[in-house]
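Coordinates in review
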Amino acid sequence: MDKIGIAVVGCGMMAQNLHLPNIKRHPSLELLWCCDVNTQVLCEVGEKFQPRKLTTDAAEVAADPRCEAVLISTTHTVRLPLIELFALSGKHLYIEKPIADTFDEMKKILRVCRETGVKTQVGHNRRAAPAVRHALKALQKHRLKPVAPRWRFDREGPDRPRLEGEKSTMVLLRVNDDYWSWKRWAFAHGALINEMTHFADLACCFIPARPIRVSTVGSRLANHVVTIEYDDGSLATIFATAFGSFGYPKELIEIYHNGSAIIVDHLMEVRVAGVVGEPFRTTFSVADDRHPHIEEQGIEGYYKRVLASQREALESGDNSILPEQPDKGHFALLDDWLNCIRNGGEPMCNVEVAAVPTAIILRALESEELGGQPVAISPSDYS
Ligand SMILES: NC(=O)c1ccc[n+]([C@@H]2O[C@H](COP(=O)([O-])OP(=O)(O)OC[C@H]3O[C@@H](n4cnc5c(N)ncnc54)[C@H](O)[C@@H]3O)[C@@H](O)[C@H]2O)c1
């Protein structure tokens with residue numbers, strides 16, 4: 001079968017570290033274009049990734065009939081005109097998150113994607129990460145057929161009073177970030193809009209209910225606690241700090257539902273209790289292992305790799321050396337999109353799906369402005 005011709009528009013850090021390497025190793029893709037307004041960036045990616053053509057002008061990409069798909073990895077401040085240009089030219093779109101900065105922008109994006117019918121995938125990649133898929137499967141199994149393990153501590157027996165909300169889900173998402181790693185535009189917009197759509201999206205993956213209210217304590221820039229309420233009584237809390245350390249795993253997700261506890265530790269391991277038949281601990285490997293001699297996988301393997309990377313950074317004086325990253329689902333999300341382009345079906349994070357966490361975070365920004373007052377979320381926010 002012919003390869004899908006693809007262009008990458010916005011060839012900065014994210015494109016160079018993840019999207020371009022993933023495109024180059026994907027057997028169904030041919031990298032036709034790299035497009036960036038910065039000519040120095042274009043020279044770098046031209047040498048490193050050998051696209052067929054380079055351009056500073058997105059219209060040239062839109063006019064190329066061989067180019068079927070476009071991955072937009074500019075910052076969110078310049079997305080709408082590019083999305084309109086490419087969708088109206090019939091190109092399928094992979095769009096980095098967050099899709100929009102305002103409700104008005106998001107509605108325009110929803111409209112043009114619906115009207116043109118192009119296959120869109122929004123880069124909320126964590127929902128495609130192997131550790132998240134594993135946790136979701138365990139949760140789903142328990143949701144559909146909850147079985148109390150025989151060891152469950154039970155004081156009252158079958159006559160115990162029932163609590164309302166037994167079917168609700170509690171989710172805690174803890175993010176340990178270090179603002180020294182931020183770029184200039186991230187300082188201007190803050191982590192709430194830049195990063196938290198990822199975590200609001202994860203909350204929505206684990207809670208199959210309608211978000212109805214959100215409140216934010218703290219500042220949009222660096223430290224915040226965002227609580228999302230759902231119509232079935234479920235709650236998700238995102239606790240994020242920009243004053244942490246990359247010497248410690250960045251992300252911890254805890255999910256509690258009807259006598260079960262499912263913990264996703266930095267996407268490196270999942271620990272499950274209370275779901276009959278599920279292993280207590282399942283480990284995952286890092287995405288690109290620079291230390292294959294370290295046998296341990298999971299969180300223990302991650303710690304060992306952190307220490308090895310810190311040693312290398314110290315010895316070489318190169319502070320850009322970071323430990324390997326967990327598999328955050330970037331390749332799987334790309335693959336899912338390509339599969340839908342070829343075979344039909346809807347990408348797992350199309351604009352309709354991505355509009356929900358985006359709306360939650362846009363309302364969370366309003367709550368921050370109101371000093372933490374809860375703000376309602378209505379279905380019309382994301383439809
Ligand atoms: N999914 C993830 O895991 C993840 C992680 C980090 C960043 N991101 C997202 O990826 C996006 C890019 O982040 P980054 O860190 O690579 O930013 P970056 O600043 O390194 O790169 C953005 C690039 O876009 C180019 N650009 C800007 N306007 C353009 C235009 N009109 N046409 C063509 N090129 C243009 C810039 O010159 C720059 O090279 C952001 O939206 C960010 O939120 C996603």
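Before reading on, note that the structure itself is shown above.
Below or above, wherever it landed, is the structure these notes cover. From a predicted model like this one, the values you see are computed outputs, not experimental measurements.

Attention now goes to the pattern of salt bridges. Tallied over the full model, the rule gives 26 salt bridges. Across the salt bridge formed by Glu-251 and Arg-126, the nearest N and O atoms sit 2.6 Å from each other. Remark: Arg-126 occurs in the loop between strand E6 (120–122) and helix H6 (130–144) and Glu-251 occurs in strand E11 (residues 251–257); sequence separation between them is 125 residues. By relative accessible area, which is 4% here, Arg-126 ends up buried. Notably, a salt bridge pairs Arg-220 with Glu-368, separated by 2.8 Å at the nearest N-O pair. In this pair, Arg-220 sits in the loop between strand E8 (211–218) and strand E9 (224–230) while Glu-368 sits in helix H12 (residues 351–369), placing the two residues 148 residues apart along the sequence.

With that out of the way, let us pick up the layout of surface pockets. Approximately 410 Å³ is the volume attributed to the second largest pocket. As for the second largest pocket, its lining consists of 16 residues, and the residues nearest its centre are Arg-152, Arg-160, Arg-162, Glu-166 and Asn-258.

Residues of strand E5 (residues 92–95) alternate between two faces, with His-92 and Tyr-94 on one and Leu-93 and Ile-95 on the opposite face, all of them buried. Here strand E4 (residues 69–72) pairs with E5 via 4 bridges, running parallel. Among the inter-strand pairings, Val-70 is bridged to a residue of E5, identified as Leu-93. Between the parallel elements E4 and E5, the chain passes through helix H4 (residues 80–88) in a crossover that is right-handed. Assessed by its sense of winding, the connection that carries the chain from E5 through helix H5 (residues 103–116) to E6 is right-handed.

Right, let's talk about the packing of aromatic side chains for a bit. This structure, assessed with the given rule, holds 6 aromatic pairs. When the centroid spacing of 6.5 Å and the interplanar angle of 80° are considered together, the rings of Tyr-179 and Trp-182 count as edge-to-face. A relative accessible area of 30% places Tyr-179 in the partly exposed class. Relative to Phe-187, the ring of Trp-182 has its centre 5.5 Å away and its plane inclined at 65°; by these criteria the two rings are edge-to-face. Take Trp-182: its relative accessible area is 16%, and that puts it in the buried class. On the accessibility criterion, Phe-187 (34% relative accessible area) is partly exposed. Directly above the ring of Phe-331 sits Arg-25, whose terminal nitrogen or CZ lies 4.3 Å from the centroid.

Along the polypeptide, Lys-328 turns up in the loop between helix H10 (298–316) and helix H11 (330–343). A distance of 3.1 Å separates the side chain of Lys-328 from the side chain of Gln-325, its partner in a polar contact. In contact with Lys-328, other than residues within four places in its own chain, are Asn-125, Arg-126, Ala-129, Glu-251 and Leu-267.

Moving on to empty space enclosed by the protein. Taken as a whole and judged by the stated rule, the model has 1 cavity of 30 Å³ or more. Considering only enclosed or pocket space, the largest cavity measures out at about 50 Å³ in volume. Along its surface, the largest cavity is lined by Val-175, Asp-177, Trp-182, Ala-191, Glu-195, Met-196, Ala-222, His-224, Ala-240, Thr-241 and Ala-242. The residue inventory of the lining of the largest cavity, partitioned by class, reads 7 nonpolar, 2 polar and 2 charged.

Bringing the site of the ligand into the picture now. Around the ligand sit 22 residues in total, of which Met-14, Asp-36, Arg-79, Asn-125 and Lys-183 are the nearest. Separating an oxygen atom of the ligand from a backbone N or O atom of Thr-74 is a distance of 3.4 Å. Within the side chain of His-198, an N or O atom sits 3.4 Å from a nitrogen atom of the ligand. Computed on the free molecule, the ligand has an accessible area of 860 Å², of which 84% lies beneath the protein chains in the complex. Here the shell around the ligand is composed, by residue class, of 6 nonpolar, 11 polar and 5 charged.

So, on to the nonpolar core. Ranked by internal contacts, the top residues of the largest apolar core, which has 78 residues, are Val-70, Phe-86, Phe-206, Ile-228, Ile-262 and Ile-360. The biggest single contributor to this core is H12, with 10 residues. Summarising the domain contributions, this core has at least three residues from each of domain 1 (4–126) and domain 2 (127–149 + 164–332 + 358–381). In contact with Phe-206, not counting residues within four places along its chain, are Val-132, Ala-135, Leu-136, Leu-139, Arg-143, Thr-169, Val-171, Ile-253 and Ile-255. Counting residues in each nonpolar core, the second largest holds 23 residues, with Ile-4, Ile-6, Ala-128 and Trp-337 among its members.

Taking strand neighbours across the sheet as the criterion, the 6 strands line up as E3-E2-E1-E4-E5-E6 in an open arrangement whose pairing is parallel. Strands with a single pairing partner mark the edges of an open sheet, and in this sheet they are strand E3 (53–55) and E6. Recorded for the sheet is a direction-independent mean angle of 20° between the axes of neighbouring strands. Contacts from helix H1 (residues 13–25) reach strand E1 (4–9), strand E2 (29–35), E4 and E5, with the element oriented near 145° to E2.

What counts, and where the lines are drawn
- Residues numbered from 1 in each chain as written.
- Predicted model: local features only at pLDDT ≥ 70, side-chain atom pairs only at ≥ 80, totals over all residues.
- Heavy atoms only, no water.
- Salt bridge = Lys/Arg side-chain N within 4 Å of Asp/Glu carboxyl O.
- Helix = DSSP H or I, 4+ residues; strand = E, 2+ residues; numbered from the N terminus.
- Buried < 20%, exposed > 50% of the residue type's maximum accessible area, 1.4 Å probe, protein only.
- 1 Å grid on protein atoms, 1.4 Å probe; cavity = no way out; pocket = protein on both sides within 12 Å on 5 of 7 lines; lining within 4 Å.
- Points joined across faces, edges and corners; volume = space filled by probe spheres on them.
- Pairing = 2+ DSSP bridges.
- Right-handed = clockwise from strand over helix to strand, strands pointing away.
- Phe/Tyr/Trp six-rings, centres within 6.5 Å; stacked < 30°, edge-to-face > 60°.
- Lys NZ or Arg CZ within 6 Å of the ring centre and 35° of its normal.
- Polar contact = N/O pair within 3.5 Å; in protein donor to acceptor, adjacent residues only side chain to side chain.
- Contact = heavy atoms within 4.5 Å.
- Nonpolar A, V, L, I, M, F, W, Y, C, P; charged D, E, K, R; others polar.
- Near = heavy atom within 4 Å.
- Areas by Shrake-Rupley, 256 points an atom, 1.4 Å probe, with all protein chains shown as cover.
- Core = buried A, V, L, I, M, F, W, Y, C linked by side-chain atoms within 4.5 Å.
- Domains from an automatic or database assignment.
- Axes fitted to C-alpha atoms, helices over the stretch in contact; angles between N-to-C directions.

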